[in-house]
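# Structural features, examined
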Amino acid sequence: MKNAGIFHVIGQRGGFENKHYFTKVFKKYMGITPGAYREDGVTESTDGGDSC
């Protein structure tokens, strides 16, 4: 998977040391894997505001 490095960085920034655990938790709450999320084109915030 070419995006595995990106997800690892995102997971670390979110406090996840283990990329596999990050993927498991992401899928639990989002219903899809990080790769599927990105493939669906969901890459921006959907709340309409700036994230701080």
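Residues numbered from 1 in each chain as written. Predicted model: local features only at pLDDT ≥ 70, side-chain atom pairs only at ≥ 80, totals over all residues. Heavy atoms only, no water.

### Thoughts on the overall build of the chain
Helices and strands together make up the secondary structure of the chain, namely three helices and zero strands. Secondary structure elements in the chain, listed N-terminal to C-terminal, are α-α-α. Counting only carbon and sulfur atoms, one obtains 51% of the accessible surface of the chain, whose full area is about 4,500 Å². (Helix = DSSP H or I, 4+ residues; strand = E, 2+ residues; numbered from the N terminus. Areas by Shrake-Rupley, 256 points an atom, 1.4 Å probe, with all protein chains shown as cover.)

### Digging into the packing of aromatic side chains
Here the structure, examined in full by the defined rule, presents four aromatic pairs. Summarising the aromatic geometry, the rings of F26 and Y37 are spaced 5.4 Å apart at their centres and angled 85° between planes, so their arrangement reads as edge-to-face. On the criterion of sequence distance, the pair formed by F26 in helix α2 (residues 19-30) and Y37 in helix α3 (residues 34-39) is long-range, its members being eleven residues apart. For F26, a relative accessible area of 17% gives the class buried. (Phe/Tyr/Trp six-rings, centres within 6.5 Å; stacked < 30°, edge-to-face > 60°. Buried < 20%, exposed > 50% of the residue type's maximum accessible area, 1.4 Å probe, protein only.)

### Points about the confidence of the model for the chain
Mean pLDDT over the chain: 76, with 71% of residues reaching 70 or higher. Mean pLDDT across the elements of the chain bottoms out in helix α1 (residues 4-13) (77) and peaks in α2 (90). (pLDDT = per-residue confidence, 0-100.)

### Some thoughts on the environment of Y21
For Y21, the location among the structural elements is in helix α2. Separated by ten residues in sequence, Y21 and G11 have C-alpha atoms that sit 8.8 Å apart.

### Digging into α2
Counted at 1.5 Å a residue, the expected span for α2 with its twelve residues is 16 Å, and the 16 Å between its end C-alpha atoms agrees. Listed in full, the buried residues belonging to α2 are F22, V25 and F26. All buried residues of α2 lie within an arc of 105° about the axis, which places them on one face of the element. Across α2 from its buried face, at more than 90 degrees, point the exposed residues H20, K24 and K28. In this structure N18 caps α2, since a side-chain oxygen of it lies 2.7 Å from the backbone nitrogen of H20. One or two steps after α2, the chain reaches G31, where phi turns positive at roughly 85°. (Expected span 1.5 Å × (residues − 1). Arc of directions from axis to C-beta. Polar contact = N/O pair within 3.5 Å; in protein donor to acceptor, adjacent residues only side chain to side chain.)

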